[in-house]
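Each chain, written out:
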Amino acid sequence: MLLWASLLLFAPVCGQSAAAHKPVISVRPPWTTFFKGERVTLTCNGFQFYATEKTTWYQHYWREKLTVTPGNTLEVRESGLYRCQAQGSPQSNPVRLLFSSDSLILQVPYSVFEGDTLVLRCHRRRKEKLTAVKYTWNGKILSNFNESWDLLIPNASSNNNGNYQCFGYGDNNDVFRSNFKMIKIQELFPHPQLKATDSQPTEGNSVNLSCETQLPPERSDTLLHFIFFRDDRVILSDWSPSRELQLPAIWRENSGSYWCGAETVMGNIHKRSLSLQIRVQRIPVSGVLLETQPTGGQAVEGETLVLVCSVAEGTGYTTFSWHREDTQESLGRKTQRSPRAELELPAIRESHAGGYYCTADNSYGPVQSALLNITVREISGNRDGLVAAGATGGLLVALLLALALLFYCWRRRKSGVRFLGDETRLPPTPGPGDSSHSIYPAQVELQSLCVDVHPKEGDLMYSEIQTIRLGEEGEANTSRTLLEDKEVSVVYSEVKTQHPDNSAGEISSKDEESY
């Protein structure tokens, strides 16, 4: 009896392909024990993929009986072991039905899975009423006398496995005892197994994880969620209906113990997989090369030079370091997850010329590049540009001075000042040994004079402005050369006045202004 009950209540967990094709028998009413004369309807489910119109039923009790039905249902009244088969499909798992002649029977469901509510029913023939019932589990009383005939065990688990029996009490204190029922709660899904496409991947490669488990054919429509962990601390994903997780790039620091979890949507059944060790392999650096931008190791003074250190092979975080050959000093250091790194040398000078090299290290020891000689080229037009800029500035100052003088004369004219005619006076002849370029490097021009109509003693009679100009022909070129050597531009202005008591017409430089 117990052996038949075990066959009845235990359904093996099938593979994914078998679960998709193997039929499943459902029982209505959902019990396995009935009184003789009652009718039970069996339905063969899960073969819609075969589009069959006929179902073959196998009944085995004392002998095997074959029945073919035009649909997928069969009505039975006899005890036995039942299986069904659609055209082209395997046979279903067996369902054992018992039609009893006892006065009291214990009815249990055909299949109970973990997380289900286990319902036990103590059933008496209709013509005989019970006043109370009680249930026992492995000889222990589960409930006292009460008016309910059903026993409900919510969220059933393997802890509820065992032998069950019920007792019924009649009006005349009659006691009825049912048969024993061995109940084994079936596993809804086994502990998941974590699988990886590569358990020893190379750094930078992708790895796919899959959390694999299977639902029984009877519960193939149950929804599950999955989650992935590393080292019991790092959550790689949140709960998701997908049983797969892709790691686009994995690194050596990601090595560790990986596992996954699966649970029902309601969260009442949760299971985790065993740990899977993943060891990420790192490739040592090799083929270290130092290059420059601009290429060729030639730099221009004052511009930026970029040193580029690269590796032909190597994974993970790499520490790059740049050095000068003569000083062995480190010019800079960078650590990054990249096969190349750059170091900028701004405003390079001639003193920066020399040999350079770089090193790369990704925890296996530094690897040095070959020596690269860098030359610095000087720009020839820099000094001429400075001189030209100085000359341009000097001319601008002279122009501003002339404009100021014209404005001054205009104001004096409005107030009654007359203008004398323009007169040009050559500079004095220099004495022996004196350089005309150092004293009067350019022509001295006598500008228009602003003189009062009625001059008074001490009034300005004429004005003289001397200006050094660059680029004059002849001797003026000597001054230009002198200025270029000094890299300066000079503008010289002198204002002289003649007093009335100076009959000789000599010029006194009492009021001089130099710019």
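These figures come from a predicted structure and were not determined experimentally.

Definitions and limits used
- Residues numbered from 1 in each chain as written.
- Predicted model: local features only at pLDDT ≥ 70, side-chain atom pairs only at ≥ 80, totals over all residues.
- Heavy atoms only, no water.
- Helix = DSSP H or I, 4+ residues; strand = E, 2+ residues; numbered from the N terminus.
- Contact = heavy atoms within 4.5 Å.
- Buried < 20%, exposed > 50% of the residue type's maximum accessible area, 1.4 Å probe, protein only.
- Pairing = 2+ DSSP bridges.
- Disulfide = S-S within 2.5 Å.
- Axes fitted to C-alpha atoms, helices over the stretch in contact; angles between N-to-C directions.
- Polar contact = N/O pair within 3.5 Å; in protein donor to acceptor, adjacent residues only side chain to side chain.

Participant: Mind laying out the environment of Pro294, listing which residues take part and the relevant values?
Facilitator: Checked against the element boundaries, Pro294 lands in the loop between strand E25 (289–293) and strand E26 (298–300). Taking the C-alpha atoms as reference points, Pro294 and Leu307, 13 residues apart in sequence, are found 9.2 Å from one another. When sequence neighbours within four positions are dropped, the list of residues in contact with Pro294 reads Thr304 and Leu305.

Participant: Which residues make up the pairing of strand E21 (residues 244–247), and what are the values?
Facilitator: Side chains of E21 alternate between two faces, with Leu245 and Leu247 buried and Glu244 and Gln246 left unburied. Note that strand E18 (residues 207–212) and E21 share four bridges and pair antiparallel. Bridged to Leu209 within E21 is Leu245.

Participant: Please provide a residue-by-residue account of the environment of Gly168, values included.
Facilitator: Positionally, Gly168 belongs in strand E14 (residues 162–169). Here Gly168 falls in the buried class, since its relative accessible area comes to 0%. In this structure, the C-alpha to C-alpha distance between Gly168 and Ser178, residues 10 residues apart in sequence, is 8.2 Å.

Participant: Residue-level account of unusual backbone geometry, with values.
Facilitator: Of note, the bond from Arg28 into Pro29 is cis; its omega dihedral lies within 30 degrees of zero at -5°. Inspection of the secondary structure assignment puts Pro29 in the loop between strand E1 (24–28) and strand E2 (33–35). Positive phi outside glycine occurs at Asn155, with the angle close to 50°. Within the secondary structure layout, Asn155 lies in the loop between strand E13 (150–153) and E14. In this model, Asp232 sits at a positive phi of 60°, which is unusual for a non-glycine residue. Among the structural elements, Asp232 can be located in the loop between strand E19 (224–230) and strand E20 (234–235). In this structure Asp232 comes out as exposed when scored by relative accessible area, which is 54%.

Participant: Please give an account of the state of the cysteines that cites residues and values.
Facilitator: Disulfides are covalent bonds that link the sulfur atoms of two cysteine residues. One pass over the full model with this rule turns up four disulfides. Residue Cys44 pairs covalently with Cys84 via a disulfide, S to S 2.0 Å. What sets the handedness of the Cys44 and Cys84 disulfide is the S-S torsion sign, and at about 70° it is right-handed. In this pair, Cys44 is assigned in strand E3 (residues 40–45) and Cys84 in strand E7 (residues 80–86), connecting sequence segments 40 residues apart. By the burial criterion, Cys44 is buried, and Cys84 matches it. For Cys122, the disulfide goes to Cys166, at an S-S distance of 2.2 Å. Taking the torsion about the S-S bond as the criterion, the Cys122 to Cys166 disulfide, at about 75°, is right-handed. Here Cys166 lies in strand E14 and Cys122 lies in strand E10 (residues 118–124), a separation of 44 residues in the sequence. By relative accessible area, Cys122 is classed as buried at 0%. Take Cys166: its relative accessible area is 0%, and that puts it in the buried class.

Participant: Describe the sheet that holds strand E5 (residues 64–69), and please don't skip the residues or the numbers.
Facilitator: Strand order in the open sheet formed by five strands is E2-E8-E7-E4-E5, and the pairing between neighbours is mixed. The sheet terminates laterally at E2 and E5, the two strands that pair on one side only. Adjacent strand axes in the sheet meet at a mean angle of 25° when their direction is disregarded. Where E2 meets strand E8 (residues 95–100), three bridges bridge the pair, whose relative direction is parallel.

Participant: Requested: an account of the side chain of Glu203, with residues and values cited.
Facilitator: Its location among the elements puts Glu203 in the loop between strand E17 (193–196) and E18. Note on Glu203: relative accessible area 4%, which makes it buried. For Glu203, the side chain forms a polar contact with the main-chain nitrogen of Arg252, separated by 2.8 Å. The contact partners of Glu203, leaving out residues within four places of it in the chain, are Ile250, Trp251, Arg252, Glu253, Val280, Gln281, Arg282, Thr315 and Gly316.

Participant: For the side chain of Ser273, give the residues involved together with the corresponding values.
Facilitator: Secondary-structure assignment places Ser273 in the loop between strand E23 (270–272) and strand E24 (276–278). Residue Ser273 is classed as buried on the basis of its relative accessible area, which comes to 4%. Discounting residues that sit within four places of it in the chain, Ser273 has contacts with Pro192, Gln193, Leu194, Trp259 and Cys260.

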